[in-house]
Amino acid sequence: MTRRAGSTGGQREPGATRPMPARDGAASPGPERHRQRDRAALYRARDRSFADWAGGAGVLTHDDLTQVRVHDMVDTLHQRGAIPDKAAGHAILRAADRVANAAMWLVVHMTYARTVRTDGQALGSGDFKPNPDGHTGGSLNMVPAYVGYLAANALCGTTRSWLMGQGHCVAAIDAVNLIVDNMSTTQSQRYAFSDEGLTRFVRDFYSYEIGADGRPSSPLGSHVNAHTAGGLIEGGYLGFAGLLYGHMPEPGERLVAFLSDGAFEEQRGSDWAPRWWRAEDTGLVAPIMIANGRRIDQRTTMAQIGGSDWLRRHLRLNGFDPIDFDGRDPAAFAWAILEMEERLGACAAAALRGEQSYPIPLHYGIAETTKGFGFPGAGTNRAHNLPLEGNPRNDAAARRSFNEGARKLWVGADELATATRQLNNHSAAGRTKERDHPLISRKPVTADLPEQPWSAAAEGEPASPMAGIDQHFRSIVLANPRLRVRVGNPDEMRSNRMNATLDQLKHRVAAPEPGLAESVSGSVITALNEEAVICSVLANKGGLNIAVSYEAFATKMLGALRQDLIFTRHMIDAGRKPYWLGVPLIATSHTWENGKNELSHQDTTVAETMWGEMSDLSRVVFPVDWNSAIACLDAVYRSRGSIWTMIVPKREVPNRLSPELARMALKDGAVCLRDRGGDAPELLLVAVGAYQLGEALRASARLDERGVRHRVILLLEPGRFRLPRDDREQEHSASKIFVDTLFPESVKARVFLSHTRPEPFGGLVRPLDTGPRMSRFLGFCGRGGTLDTNGMLIANRSTWAHVIVAAAGVLGVTPKIS
């Protein structure tokens, strides 16, 4: 006989609790614990609707502390007019219990089953997958969290945004969204709450099917993807959510961020969120750590060194206000979200009145739970992926364990339909569905772009391209006061020639030092942590952004950049256009200028890696002077959703391009700067980078003396000349007519001189390569030390003389250098 979900089955009294790990106030010794128990009993005795909820449902129970907290929360919501009466609040929480049980039931089916029966009947051997897969334990833990978020929205009549750092727990989000009909368009067209619809749903999970277009056939992913309704990041790079959330919401917006205790030890920098949060320019944030104490095959470091007690001390030392609650209970999550918002809202109001100084302690939820709670295998190492000891398809004991565990979670269809209607009060409350939360449905951002400060200096006159970027960016900031600005700075703004920007926007600090460019409300996020500062920029999708780094150290930003690019491109493929402005990553103090600082500071990896991403969104450009630099910067803010890696000299270099040539180079990806061959050149010299162009032009002068017909071509954006990997990259590629004109098929002899390592560059521009006998590639060879720029060029065989030798080789003549 199947037990009705929500029934106690005669096995426990309403409100009965089970042991919990020690929590701040939850399992306090002596009088406090007794007081909580007595108050919870009093509330149950006086309020039947409260008692009905307190009785729990399925595997969910509500401990005494949660009951006391929820009673006070519901009473406050009623007093404020958010709910018509307290019974309405309790009904929403009862609905959350039913939905959470059903979603956990569906999650375990996603891992193990290939057949779903909504009547809850036991599954047989053939109903299970031959090869089960899924991050089951974490997904089970995320179900109460996400359902609690839905309940908080229903209780307040406000749709918050959400962010999940543990993207591999996507099964929880997809399962809940299907049950409450909060799916994306693609998923809603494919799935429904029926035997047929759910069977298709679980078979799509880890189906590995691929379509004729080479893309996955299933809109379900192993991580959050573009079809996950409301998803903002893929979450495959653990820890970045903790760096992003504090910069994401704008005033008036609210964000709930679900974080991972495993990610906490993987990615440092999230501890600084209180250092950056300001009521004046940031909405309410509610970070919640799912503290289940286990990584893939062992306990987290946190669990090993003191667990939640240690974490609470750590959080307080870093400016947080930790709040413990039961991570197995949707109502506890709802309470925590509202409590954190109320506390932060009160502090924000005080700060705006001048009664509270920064940093404000950010209120931080610690949701204590057991990995894989609610299903057999909980708390074991197995719970991370496959909690059962065997495969139910061919193991009778595992099959029995699955069916018994699923039976405890099953909710009847009629009861579940009633519960979903109570959570889906969007029309009555006049709020949007969670799939359309504020951070995902903003209007397209536009920037007013002032006239570029073109240089009219004569060719060859020196100027710093970074100074041009600094001047133009400051003017863009002043022209767009409505846009929130974030400048990511992992090192030295002034060394990188961003003086005007720093003086205008200032470092964000809590206690400004007199006489320095510092301010409590500064927009420059400075920390010696590249991941933290690039995330401050990537998070500010409603505003105006720039990041400036030493080229060698920008490599530490690559994971965050790649995650953003992947998700954006998948989102476009799914039919959603990015609303945010392009983001420039300025890599300066670069390899050829940083000779004095040893080989650790001489690294061209960032450009080479960003070439690996799809070139329509990952724009990698090499401005060579003032005009080409500001032309590129201006283009960044005319684009949407793209990341522009700009490799820019900070030292004064000769002006090479007029405004017209700079615009041409940006439009086409390349431009011919010197044509000494007319219609019949013998040789092409192709340069990427300012110092490389200088050496190519010096070599050109000597070729002139010897009557060698040649062209000097600047490749501003080499990715435009690659073999396109799909239709969208094809649209971004330079036209065949342009390529044939600039690089005539008849001219086989070519020398390429690149800022980067020659091997990845040669692979990138393979269509321009005429073979090892006729083409030579020069560039950074990984040689360096304590050198100046000329020494770096010599060490890496990239001087004009090396160009001449290479040219002689491809022309089949003996070089003569004098």
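Just so it is clear, the structure is predicted and the values come from calculations on it, not from any experiment. (Residues numbered from 1 in each chain as written. Predicted model: local features only at pLDDT ≥ 70, side-chain atom pairs only at ≥ 80, totals over all residues. Heavy atoms only, no water.)

1. As for the overall build of the protein chain
Counting secondary structure elements, the protein chain contains 30 helices and 20 strands. Over its C-alpha trace the protein chain gives a radius of gyration of 30 Å, about what one expects of a compact globule, namely 28 Å for 818 residues. Over its C-alpha atoms, taken along the principal directions, the protein chain stretches across nearly 100 × 65 × 45 Å. When contacts within the protein chain are restricted to residue pairs at least 6 apart in sequence, those whose partners lie at least 24 apart make up 78%. (Helix = DSSP H or I, 4+ residues; strand = E, 2+ residues; numbered from the N terminus. Rg over C-alpha atoms; globule rule 2.2 N^0.38 Å. Contact = heavy atoms within 4.5 Å.)

2. Observations regarding the packing of helix α5 (residues 136-156) against helix α14 (residues 330-352)
Contact geometry for α5 and α14: axes closest at 7 Å, N-to-C directions at 55°. The pairing of α5 with α14 is recorded here as oblique in orientation. Classified by chirality, the crossing of α14 by α5 is right-handed. The segment α5 lies against α14, with P144, A145, V147, G148, Y149, A151, A152, L155 and C156 engaging P330, F333, A334, I337 and L338. Looking at the contact of α5 with α14 residue by residue, the classes come out as 13 nonpolar, 1 polar and no charged. (Axes fitted to C-alpha atoms, helices over the stretch in contact; angles between N-to-C directions. Parallel < 35°, antiparallel > 145°, perpendicular 65-115°, else oblique. Left-handed = near helix turned anticlockwise from the far one by under 90°. Nonpolar A, V, L, I, M, F, W, Y, C, P; charged D, E, K, R; others polar.)

3. Overview of the sheet that holds strand β20 (residues 775-778)
Strand order in this open sheet of 5 strands is β16-β18-β17-β19-β20, and the pairing throughout is mixed. Each having just a single partner strand, β16 (670-675) and β20 make up the two edges of the open sheet. Across the sheet, the axes of successive neighbouring strands diverge by a mean angle of 20°, strand direction being ignored. Across 5 bridges, the pairing between strand β17 (residues 683-688) and strand β18 (residues 710-715) is parallel. Note on β18: the bridge partner recorded for L683 is H710. (Pairing = 2+ DSSP bridges.)

4. Focus: the layout of surface pockets
In this structure, the largest pocket spans a volume of roughly 1000 Å³. Around the largest pocket sit 37 residues that line it, and R215, P216, S218, N225 and H570 are the ones nearest its centre. Its residues assigned to classes, the lining of the largest pocket comprises 14 nonpolar, 11 polar and 12 charged. Together, 36 residues line the second largest pocket, and G231, I440, F567, M571 and R576 are the ones closest to its centre. Listing elements by their share of the lining of the second largest pocket, those giving two or more residues are α7 (185-188), α20 (530-539) and α21 (558-573). Ranked by residue count, the leading element in the lining of the second largest pocket is α21, at 6 residues. When grouped by side-chain class, the residues that make up the lining of the second largest pocket number 19 nonpolar, 10 polar and 7 charged. (1 Å grid on protein atoms, 1.4 Å probe; cavity = no way out; pocket = protein on both sides within 12 Å on 5 of 7 lines; lining within 4 Å. Points joined across faces, edges and corners; volume = space filled by probe spheres on them.)

5. A look at the pairing of β17
Across the 6 residues of β17, 6 count as buried, placing the element largely inside the fold. Assessed by its sense of winding, the connection that carries the chain from β17 through helix α25 (residues 690-705) to β18 is right-handed. As paired strands, β17 and strand β19 (residues 749-754) are joined by 6 bridges and run parallel to one another. Each residue of the ladder has a partner; that of A687, found in β19, is L753. (Buried < 20%, exposed > 50% of the residue type's maximum accessible area, 1.4 Å probe, protein only. Right-handed = clockwise from strand over helix to strand, strands pointing away.)

6. Let's talk about helix α30 (residues 800-811)
With 12 residues, α30 extends 16 Å between its outermost C-alpha atoms, agreeing within 8% with the 16 Å of an ideal straight helix rising 1.5 Å per residue. By the burial criterion, the buried members of α30 are W800, A801, V803, I804, A806, A807, A808 and V810. Where α30 is buried, its residues touch β17, α25, β19 and β20. Positive phi appears at G812, one or two residues downstream of α30, with a value of about 75°. (Expected span 1.5 Å × (residues − 1).)

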